[in-house]
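The primary structure of each chain is shown beneath.
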Amino acid sequence: METLRGRTALVTGASSGIGAVVAEALAGAGARVGLVARRKDRLERVLARCRERVPDSAMWVADLADLDAVDDLAAAVEREFGAVDVLVNNAGMPKRRRVQDLSPAEAEDVMRLNYLSPVRLTLALLPGMIERGRGHLVAVGSVAARLGPPHEAAYAASKAALTAFWECMAVDLDGTGVQVHVVQPALIGGTELFTQPGNEAPLSDLSDALPPQDVADAVLNALAEGRFEQYVPDWFHEMASGKAADVDAFVAGVKEWTRERLER
Ligand SMILES: NC(=O)c1ccc[n+]([C@@H]2O[C@H](COP(=O)([O-])OP(=O)(O)OC[C@H]3O[C@@H](n4cnc5c(N)ncnc54)[C@H](OP(=O)(O)O)[C@@H]3O)[C@@H](O)[C@H]2O)c1
């Protein structure tokens, strides 16, 4: 894979779960890593592990739902690091709530953190990448972006918006040297996504979950191979193309699956 030695990487949502493991993997590949999240104590622990590999890695405590603070964050990181070569937009929140119980404010909160905030950070760091003629813009999406899961309308919509933005960005940035990647994880365990307050219990069996390291591997592969979209696990790609081939049959299947789960 492309060596990241001498390169910088900024990872949002690096205080737990997927982001913490991705940050450590990037440091393991030699990148000077910048970590962002709200919980200082948790970030400090991840930073200590990254610094064992790359001592001048750094952290920023920020609430990414505050969109104006996102611009300040981008400026602070560029001042400290000089340049950001790899941006991993990973911070995100779940919203497991069937649409009949969803409030407009909840739908807006999810969109702000999962879509508007990564777009804002990306647009703030993009001019520098274009000027240098290199960079990687990574989004941690979700299979929900493509598959319309039950009781997750707000979450799925935020990830679909993120994916659509990324897809168009991949085309627009052709020839600039800036590469665009989206990683779409299915069920990943060892994270805090399934214990966040304000959510229904998950309908899926968490015993089927994959480790966050699989997402970190997918990020590193995407950087090395220049691939646009990567599912984790890879076979979810077939589920997405199966859905595209017959959306009505897919929706009928999801309804049946959901009924079975709710009756358990
Ligand atoms: N786990 C899965 O099955 C799965 C599947 C598909 C996609 N994903 C996606 O993977 C990403 C990481 O999720 P995860 O599973 O690793 O869950 P997680 O352990 O809850 O991680 C979420 C991260 O986002 C940060 N974050 C949340 N709100 C924030 C805010 N307002 N400002 C700054 N940072 C914020 C959290 O840090 P603080 O609380 O410290 O701020 C934390 O570091 C999310 O985008 C999620 O949608 C997860």
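Residues numbered from 1 in each chain as written. Predicted model: local features only at pLDDT ≥ 70, side-chain atom pairs only at ≥ 80, totals over all residues. Heavy atoms only, no water.

(A) The arrangement of the pairing of strand β2 (residues 32-37) in detail. Of all six residues in β2, six are buried; the element is thus mostly enclosed. Neither face of β2 is open: one carries R32, G34 and V36, the other V33, L35 and A37, and all of them are buried. Note that strand β1 (residues 8-12) and β2 share five bridges and pair parallel. Directly across from V11, in β2, lies its bridge partner L35. Of the crossover connections in this fold, the one passing from β1 over helix α1 (residues 17-28) to the parallel β2 is right-handed. Pairing geometry for β2 and strand β3 (residues 58-61), over four bridges, is parallel. Opposite L35, over in β3, you have M59 as the bridge partner. Handedness of the β2-helix α2 (residues 40-53)-β3 crossover: right-handed. (Buried < 20%, exposed > 50% of the residue type's maximum accessible area, 1.4 Å probe, protein only. Helix = DSSP H or I, 4+ residues; strand = E, 2+ residues; numbered from the N terminus. Pairing = 2+ DSSP bridges. Right-handed = clockwise from strand over helix to strand, strands pointing away.)

(B) Here's a closer look at the packing of α1 against α2. At a minimum axis separation of 8 Å, α1 and α2 run at an interaxial angle of 15°. As judged from the angle between their axes, α1 and α2 are roughly parallel. For the element pair α1 and α2, the recorded crossing hand is right-handed. Across the interface between the two elements, A20, A23, E24, A27 and G28 from α1 touch V46, R49, C50 and R53 from α2. Here the contact of α1 with α2 is built from residues that sort into five nonpolar, one polar and three charged. (Axes fitted to C-alpha atoms, helices over the stretch in contact; angles between N-to-C directions. Parallel < 35°, antiparallel > 145°, perpendicular 65-115°, else oblique. Left-handed = near helix turned anticlockwise from the far one by under 90°. Contact = heavy atoms within 4.5 Å. Nonpolar A, V, L, I, M, F, W, Y, C, P; charged D, E, K, R; others polar.)

(C) Representation of the site of the ligand within the structure. Inspection of the region around the ligand gives 31 residues, with I18, R38, R39, N90 and Y155 positioned closest. R39 places a polar side-chain atom, nitrogen or oxygen, 2.7 Å from an oxygen atom of the ligand. A distance of 3.3 Å separates an oxygen atom of the ligand from a polar atom in the backbone of A186. With the chains in place, 96% of the 880 Å² that the ligand exposes on its own is no longer accessible. Looking at the shell around the ligand, the elements with two or more residues in it are α1 and α6 (153-172). Of the residues contributing to the shell around the ligand, the split by class is 16 nonpolar, ten polar and five charged. (Near = heavy atom within 4 Å. Polar contact = N/O pair within 3.5 Å; in protein donor to acceptor, adjacent residues only side chain to side chain. Areas by Shrake-Rupley, 256 points an atom, 1.4 Å probe, with all protein chains shown as cover.)

(D) Local environment of the packing of aromatic side chains. In total, this model carries four aromatic pairs according to the counting rule given. Consider the rings of Y115 and F165, whose centres lie 6.2 Å apart with planes at 75°: the pair is edge-to-face. Of this pair, Y115 sits in helix α4 (residues 104-132) while F165 sits in helix α6, and the two are 50 residues apart along the sequence. Residue class for F165 comes out partly exposed when judged on its relative accessible area of 24%. Grouping aromatic residues by their ring pairs yields a cluster made of Y115, F165 and W166. (Phe/Tyr/Trp six-rings, centres within 6.5 Å; stacked < 30°, edge-to-face > 60°.)

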